[in-house]
Amino acid sequence: MTGPEDLCVGRVPIFRGLSGDDLAAVAALARPVRLRRGEVVYTAGTAVGRLLVVHHGRVALIHRSPDGHEQMVRVLQEGDFVGEAAFLSGVRPDHDVIAATDAQLCTFSHTDLAGLVHHHPGIALRMLQAVSSRLAEADRMLASMASSDVGARLAGYLLDQPTTRDAAGRAVVQLPMAKKDIASYLGTTPESFSRAVTALVRADIIRSDGRELTLLDPPALEARAHR
């Protein structure tokens, strides 16, 4: 039997606090979308009439400058969403949304979303809280990008990532995408990114095992982030 946690909306922060029956009602409004890696969801300047929630896989937000340079600005993982700016303010996006892996989304028309917000005002509050958190993260990233030190940018990025704990109680970060994509997000090259990882490993600040990074010395990592 499917429980609330198994629904596509079950782990979405903006729907947290709803009862099982309410979650089931929300899920009934969702329209699933399956994507292949590299498939475009929408492009900059297009009208967006849906809230998009990631159920499985990862979705990337890409900004393209007038000269054609691509910059990855965010990667959505399970429970993350996009399309709220169009819902809240009617603005058109300044970014493309592309599947970074094979992915499955739950989508909600803005009309249905307005009905949900009317009946459950807490959804709008949590949506605004999520947007505020993103802005704070973007501010930290902009501050680190002002530094020419790729190590500082990497340290700040790692500190912003969700963590689990290993047997010794140390924080462990699972990189959400390929290192070359993180390098793009940080505004650097894959080679410079690899050198920055190596420098942190040699300083015994982190341990690297593929896409799993263990934070051995969080205070030192914090100091690197503020160089």
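Engineer: Just give me the short version of the overall build of the chain, but keep the residues and values in it.
Structural biologist: Looking only at helices and strands, one finds 8 helices and 12 strands in the chain. Relative to the compact-globule value of 17 Å for 227 residues, the chain shows a C-alpha radius of gyration of 19 Å, a close match. Its C-alpha atoms give the chain principal-axis dimensions of about 55 × 50 × 30 Å. Out of the 227 residues belonging to the chain, those deemed buried represent 41%. Partitioning the intrachain contacts of the chain with sequence separation of at least 6 by distance along the chain shows that 67% fall at a separation of at least 24. Of the roughly 11900 Å² that the chain leaves accessible, carbon and sulfur atoms contribute 53%. The centroid of the 25 positive side-chain charges in the chain is displaced by 3 Å from the centroid of its 26 negative side-chain charges.

Engineer: I'd love a proper account of the sheet that holds strand β4 (residues 59-64), names of residues and values included.
Structural biologist: Strand order across the open sheet formed by 4 strands is β2-β7-β4-β5, with antiparallel pairing between neighbours. A strand with exactly one partner marks an edge of an open sheet, and here the two such strands are β2 (40-42) and β5 (70-76). Going across the sheet, the axis of each strand differs from the next one's by a mean of 30 degrees, ignoring polarity.

Engineer: Hey, could you go over the side chain of T101 for me, with residue numbers and the actual values?
Structural biologist: Inspection of the secondary structure assignment puts T101 in the loop between β7 (96-99) and β8 (103-109). Among the polar contacts listed, one links the side chain of T101 to the backbone nitrogen of R58, at a separation of 3.0 Å. Not counting the four nearest positions on each side in its chain, T101 is found in contact with L35, R36, R37, G57 and R58.

Engineer: Hey, could you go over the packing of helix α5 (residues 150-160) against helix α8 (residues 218-225) for me, with residue numbers and the actual values?
Structural biologist: Where α5 meets α8, the closest approach of the two axes is 7 Å, and the angle between their N-to-C directions is 130 degrees. Compared by their axis directions, α5 and α8 come out oblique. Two packed elements cross with a definite hand, and for α5 against α8 that hand is left-handed. Between α5, through A152, A155, G156, L158 and L159, and α8, the contact on the second element is made entirely by L221, E222, R224 and A225. Here the contact of α5 with α8 is built from residues that sort into 6 nonpolar, 1 polar and 2 charged.

Criteria and thresholds
Residues numbered from 1 in each chain as written. Predicted model: local features only at pLDDT ≥ 70, side-chain atom pairs only at ≥ 80, totals over all residues. Heavy atoms only, no water. Helix = DSSP H or I, 4+ residues; strand = E, 2+ residues; numbered from the N terminus. Rg over C-alpha atoms; globule rule 2.2 N^0.38 Å. Buried < 20%, exposed > 50% of the residue type's maximum accessible area, 1.4 Å probe, protein only. Contact = heavy atoms within 4.5 Å. Areas by Shrake-Rupley, 256 points an atom, 1.4 Å probe, with all protein chains shown as cover. Lys, Arg positive; Asp, Glu negative; His and termini not counted. Charge placed at Lys NZ, Arg CZ, Asp CG, Glu CD. Pairing = 2+ DSSP bridges. Axes fitted to C-alpha atoms, helices over the stretch in contact; angles between N-to-C directions. Polar contact = N/O pair within 3.5 Å; in protein donor to acceptor, adjacent residues only side chain to side chain. Parallel < 35°, antiparallel > 145°, perpendicular 65-115°, else oblique. Left-handed = near helix turned anticlockwise from the far one by under 90°. Nonpolar A, V, L, I, M, F, W, Y, C, P; charged D, E, K, R; others polar.

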